[in-house]
Protein chains: 2
Amino acid sequence: MNNFIFFNPTKVIFGAGELNRLGEEASKYGKKALVIKTTGPIQKSGIFERATKILNAAGMKVYFLDDVTPNPKFSKLKEGVNICREEGIDIVIGIGGGTAIDLAKGLAWGALAEGDLWDYFIRKRVATKSLPIGAVSTLLGTGAEMNVNCTITNEETKEKFGVHYPVSFPKFAIIDPELQLTLPRKLTAGGMADIISHVLEGYFDGCEDTPLQDRIAEGIILTVLENEKILDYPNDIVARGNIAWASTLAINGINDAGRGGKDWDAHTIEHEVSAKYDVRHGEGMAVVHIAWLYYLCKKDPKKFVHFAERIFGIQKTSGQTDLSVGIKGIDVLKEKFRSWGLPITLRELGVEQGILPLLAKDASKNPEGGKLDPDIVLEVLKSCY
Amino acid sequence: MNNFIFFNPTKVIFGAGELNRLGEEASKYGKKALVIKTTGPIQKSGIFERATKILNAAGMKVYFLDDVTPNPKFSKLKEGVNICREEGIDIVIGIGGGTAIDLAKGLAWGALAEGDLWDYFIRKRVATKSLPIGAVSTLLGTGAEMNVNCTITNEETKEKFGVHYPVSFPKFAIIDPELQLTLPRKLTAGGMADIISHVLEGYFDGCEDTPLQDRIAEGIILTVLENEKILDYPNDIVARGNIAWASTLAINGINDAGRGGKDWDAHTIEHEVSAKYDVRHGEGMAVVHIAWLYYLCKKDPKKFVHFAERIFGIQKTSGQTDLSVGIKGIDVLKEKFRSWGLPITLRELGVEQGILPLLAKDASKNPEGGKLDPDIVLEVLKSCY
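Residues numbered from 1 in each chain as written. Chains lettered and ligands numbered in written order. Predicted model: local features only at pLDDT ≥ 70, side-chain atom pairs only at ≥ 80, totals over all residues.

Along its length, chain A carries 13 helices and eight strands. Relative to its length of 385 residues, chain A is compact, with a C-alpha radius of gyration of 20 Å against a globular reference of 21 Å. Summarising its shape, the C-alpha atoms of chain A cover approximately 70 × 45 × 40 Å along the three principal directions. Expressed as a percentage of its 385 residues, the buried residues of chain A come to 55%. Here the contacts in chain A between residues at least 6 apart in sequence split such that 77% fall between residues at least 24 apart. (Helix = DSSP H or I, 4+ residues; strand = E, 2+ residues; numbered from the N terminus. Rg over C-alpha atoms; globule rule 2.2 N^0.38 Å. Buried ≥ 20, exposed ≤ 12 C-beta atoms within 10 Å, placed from the backbone. Contact = placed C-beta atoms within 7 Å.)

Moving on to the environment of A:Asp375. Looking at where A:Asp375 falls in the secondary structure, it is placed in helix 13 (residues 374-383). Through-space distance from the C-alpha of A:Asp375 to that of A:Ala360 is 7.3 Å; in sequence the pair is 15 residues apart.

Next up on the list: the environment of B:Glu228. Residue and element names in this part refer to chain B. Positionally, Glu 228 belongs in the loop between helix 6 (211-226) and helix 7 (237-249). When the 16 C-beta atoms within 10 Å are taken as the criterion, Glu 228 is described as partly exposed. Once the C-alpha coordinates of Glu 228 and Ala 275 are considered, the two residues, 47 residues apart in sequence, prove to be 29 Å apart.

Quick look at the relation of the copies chain B and chain A now. Overlaying chain B with chain A gives an RMSD of 0.0 Å, the required rotation being 180° about an axis along which the chain moves by 0.0 Å. Those values place the two copies in the arrangement expected of a two-fold rotation axis. Taking C-alpha positions as reference, the residue of chain B nearest the rotation axis is B:Pro9, located at 2.0 Å. A symmetric contact is evident, with 100% of the interface residues of chain B recurring at the interface of chain A. (Least-squares fit on C-alpha atoms with pLDDT ≥ 70 in both.)

Right, let's get into the sheet that holds strand 1 (residues 4-14) of chain B. Ordered by their spatial adjacency, twelve strands build an open sheet running 3(A)-2(A)-4(A)-5(A)-8(A)-1(A)-1(B)-8(B)-5(B)-4(B)-2(B)-3(B), and the pairing between neighbours is mixed. Of all the strands in the sheet, just strand 3 (61-68) of chain A together with strand 3 (61-68) of chain B have a single pairing partner and so form its edges. Across the sheet, the mean angle separating the axes of adjacent strands is 25° when strand polarity is ignored. Seen against the sheet, helix 4 (residues 98-110) of chain B touches strand 2 (32-38), strand 3, strand 4 (91-96) and strand 5 (133-137) of chain B and runs at an angle of roughly 165° to strand 4 of chain B. (Pairing = 2+ DSSP bridges. Axes fitted to C-alpha atoms, helices over the stretch in contact; angles between N-to-C directions.)

So, on to the domain arrangement of chain A. All names here are of chain A. Domain annotation of chain A identifies domain 1 (11-179) and domain 2 (184-383). For domain 1 and domain 2, the distance between their C-alpha centroids amounts to 26 Å. Taken together, the contact between domain 1 and domain 2 spans 26 residues of the former and 32 residues of the latter. For the side of domain 1 that touches domain 2, the secondary-structure elements that each account for two or more residues are strand 1 (4-14), strand 6 (149-154) and strand 7 (159-164). (Domains from an automatic or database assignment.)

Every contact between the two is made by 32 residues of chain B and, on the other side, 32 residues of chain A. Where the side of chain B that touches chain A is concerned, the elements lending two or more residues are strand 1, helix 6 and helix 7 of chain B. Broken down by class, the residue content of the side of chain B that touches chain A amounts to 20 nonpolar, seven polar and five charged. As defined by bridge partners, strand 1 of chain A adjoins strand 1 of chain B across seven bridges and the pair is classed as antiparallel. Along strand 1 of chain B, the bridge assignment pairs A:Phe4 with B:Phe14. (Nonpolar A, V, L, I, M, F, W, Y, C, P; charged D, E, K, R; others polar.)

The next point concerns helix 5 (residues 185-203) of chain A. Taking 1.5 Å of rise per residue, the 19 residues of helix 5 of chain A would be expected to cover 27 Å, and the 27 Å separating its terminal C-alpha atoms lies within 8% of that figure. The buried count for helix 5 of chain A comes to 17 of 19 residues, which makes it a mostly enclosed element. (Expected span 1.5 Å × (residues − 1).)

Bringing the nonpolar core into the picture now. Looking at soluble globular proteins, one finds that nonpolar side chains tend to be buried together. Judged by nonpolar contacts, the single largest core of 237 residues is most densely connected at A:Val92, A:Ala104, A:Ile220, B:Val92, B:Ala104 and B:Ile220. Look past the residues within four positions of A:Val92 in its chain and what remains in contact with it is A:Leu34, A:Cys84, A:Ala104, A:Leu107, A:Ala108, A:Leu131 and A:Ile133. (Core = buried A, V, L, I, M, F, W, Y, C linked by C-beta atoms within 7 Å.)

Another aspect to go through is helix 6 (residues 211-226) of chain A. Residues and elements named next belong to chain A. An ideal rise of 1.5 Å per residue puts 22 Å on 16 residues; helix 6 measures up with 22 Å between its terminal C-alpha atoms. With twelve of 16 residues buried, helix 6 is to be regarded as a mostly interior element. Along helix 6, the residues that are buried comprise Pro 211, Leu 212, Gln 213, Asp 214, Arg 215, Ile 216, Ala 217, Gly 219, Ile 220, Ile 221, Thr 223 and Val 224.

Residues and elements named next belong to chain B. Residues Phe 172 and Ile 174 of strand 8 (residues 172-175) are buried on one face, and the alternating residues Ala 173 and Ile 175, pointing to the opposite face, are buried as well. Two strands pair when backbone bridges link them, and strand 1 and strand 8 are joined in this way by four bridges, in the parallel orientation. Directly across from Phe 14, in strand 8, lies its bridge partner Ile 175. Note: strand 5 against strand 8, four bridges, orientation parallel. The residue of strand 8 that forms the bridge with Ser 137 is Ile 175.

Below, the discussion takes up the pairing of strand 7 (residues 159-164) of chain B. All names here are of chain B. As defined by bridge partners, strand 6 (residues 149-154) adjoins strand 7 across six bridges and the pair is classed as antiparallel. Looking across to strand 7, one finds that Thr 153 is bridged to Lys 160. Remark: four residues form the turn of the hairpin made by strand 6 and strand 7, two consecutive strands paired antiparallel; Lys 158 in that turn has positive phi of roughly 55°.

Right, let's talk about the confidence of the model for chain A for a bit. For chain A, per-residue confidence averages 95 on the pLDDT scale, and 99% of positions sit at 70 or higher. Two summary scores accompany this predicted model of the complex, namely pTM at 0.96 and ipTM at 0.95. (pLDDT = per-residue confidence, 0-100.)

Topologically, B:Ser45 is positioned in the loop between strand 2 and helix 2 (47-57). As for B:Ser45 and B:Val199, which are separated by 154 residues in sequence, their C-alpha atoms are 30 Å apart.

This part covers the packing of helix 8 (residues 265-277) of chain A against helix 12 (residues 356-365) of chain A. Residue and element names in this part refer to chain A. Remark: helix 8 packs on helix 12, axes separated minimally by 9 Å, with the N-to-C direction vectors making an angle of 125°. The angle between the axes of helix 8 and helix 12 places the two elements in the oblique class. In the packing of helix 8 onto helix 12, the handedness of the crossing is right-handed. In this structure, helix 8 uses Thr 268, Ile 269, Glu 272, Val 273 and Lys 276 to contact helix 12, whose residues at the interface are Leu 359, Asp 362 and Ala 363. Residues of the contact of helix 8 with helix 12, tallied by class, amount to four nonpolar, one polar and three charged. (Parallel < 35°, antiparallel > 145°, perpendicular 65-115°, else oblique. Left-handed = near helix turned anticlockwise from the far one by under 90°.)

Turning to unusual backbone geometry, a few remarks are in order. Non-glycine residue A:Arg123 carries a positive phi angle of around 70°. Of the residues examined, A:Arg123 has 11 C-beta atoms within 10 Å and is grouped as exposed. Non-glycine residue B:Asn71 carries a positive phi angle of around 55°. With respect to the element layout, B:Asn71 can be found in the loop between strand 3 and helix 3 (74-87). On the basis of neighbour count, B:Asn71 is assigned to the buried category, with 21 C-beta atoms found within 10 Å.

As structure tokens, then:
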């Protein structure tokens, strides 16, 4: 285990019906709330109307940043910053998944930042203050409600970069499984793959002697697998709650504290895909991460044997190599994703074959990435085309 | 799983050598630090001299609350409060285990509280503000460095009560496994039992559908069991680090979030023992908790079958009852404690047989306890005498 700092001051309010606490929590920070309003099925769920009523009842005036689409765009961030500055917003509230909450974080520090805001993504400047942020999570996978991650796509430059400013912890995160009952099957499945993906980046980062972190990671993955029935029984609120909490813990820092802290390579590669094709992050991860795992396993299969045994009960028998057992574990995970209805090739995501070299090149230049070798990335992308 | 709120803003600084950050962290809160100085082996470790140098180098003046003994006493709390008030202390730093850190918490809010301070333990008054608290953990088990728990013994009334004020989260917790290398074997073993005990209170609280919490709890227990070699190889800093992190996560709220949130009955009973006999908490728990588990298992063995399988690989075969398998799991845990050199009877702790009815009666009156039936407590105490 490595030395580490763990700090996470977000107050989590978890459980069915807890959306009702939104007003009580948000009004601690002022009178004017800017709510991020994403497009898609969430619009019809009635949640924005409910949230508005609850905030109004707590004496708050509600503003909206409208028409926000998946893979939040830099232009929207700037639009939200303008609203904050013009209206004197006191708190920014993301209601939704990573799209809404990441954008809330970005414009909350953006409102108090100077100069060209893209500078803060390309590491030219650093954000050191932020408006308060509130998060209401309605999606699985993102975990954005309890971390500082903020990933934004610049439509002009076709770049998708993440920043992780310590000022970006939401003051509170409401995780109300009732709000997830209307999630479409495909979004649920993508979220489940995303949770597993978040955990596996650290699990296979090469750091040794992290037995407790590994148990927590395995516990998160097993909780997702053992509650997969929500795909067929979307109203099973108990199972949904279990996956929702797994989703938060997968990426709130606790599972990775003391690990290698290396860059998240599979995510870096996927970000190139979703920056250029606007695919859902969870679906992109289902494709790219499996391909990346095969690559890592071929380099060093030892931990993959451990994974295959702990997650899928695959025992290595005499005569089997570590590599063959490790590969078998990944095969089973890939089949699991397929059974959930997720894509398993880039082609299914609509990616054009000719763009793979560009994706590989750009992934290797991502300031968040770990100096990826473009030739290796290209091989991996080809392997899942 | 139940609805819950999880909030823990303590900044954890973990790893060998991290004591050196004490000055940098503490000096954020002012110039005058009161350090709790416990008696015992820690005095000879040189840690107080090192801490003083580090704090001085950061421009801080250091005061001490001296001669603090295990099971921190209310008289010492009052003495510390006086120092805080007279000297204008800016931050209270507990260096040690639960004794030092619990006392630091108590006198940090005590310094700003009004009236009779024992009123705050018997639920007559509530503390709502506190001086900043820093924690340096040198002991396994307590977990006090990352929670709000503060348990104090009133020598006059022979009461040992805990309070859990939200203002009592340490601002920072330094967990430096190097500081634990000189821990005597018996303290290490007691700490290991205490960690397991912290996890088992919630694990067997009767709340259902907590699969992720259970995996985390099992991961903590297995990490302790799989790193028990520190008893024979006290300088194994990797294994020590793993148990130290398990110790913190066992009682920082993450493992219990969403569980029943019931009172910690085994702890309530043990507190009576250590209030009256000044035994080490970890050793007291090793005796009392095992006895309590047998009682719970006889009432409802289902979860104990799960425990026996997940922790000790005990499979239930056809023809076996749940009860017999559950009991077998507890037997193995008890043997483990014995193999670590821990007491397994109250007699070994020096408890007099005639006092058992009084212990049972007082446990049932503890304001922290869950309305324990004194007859049941007496049976349990007799069973481990």
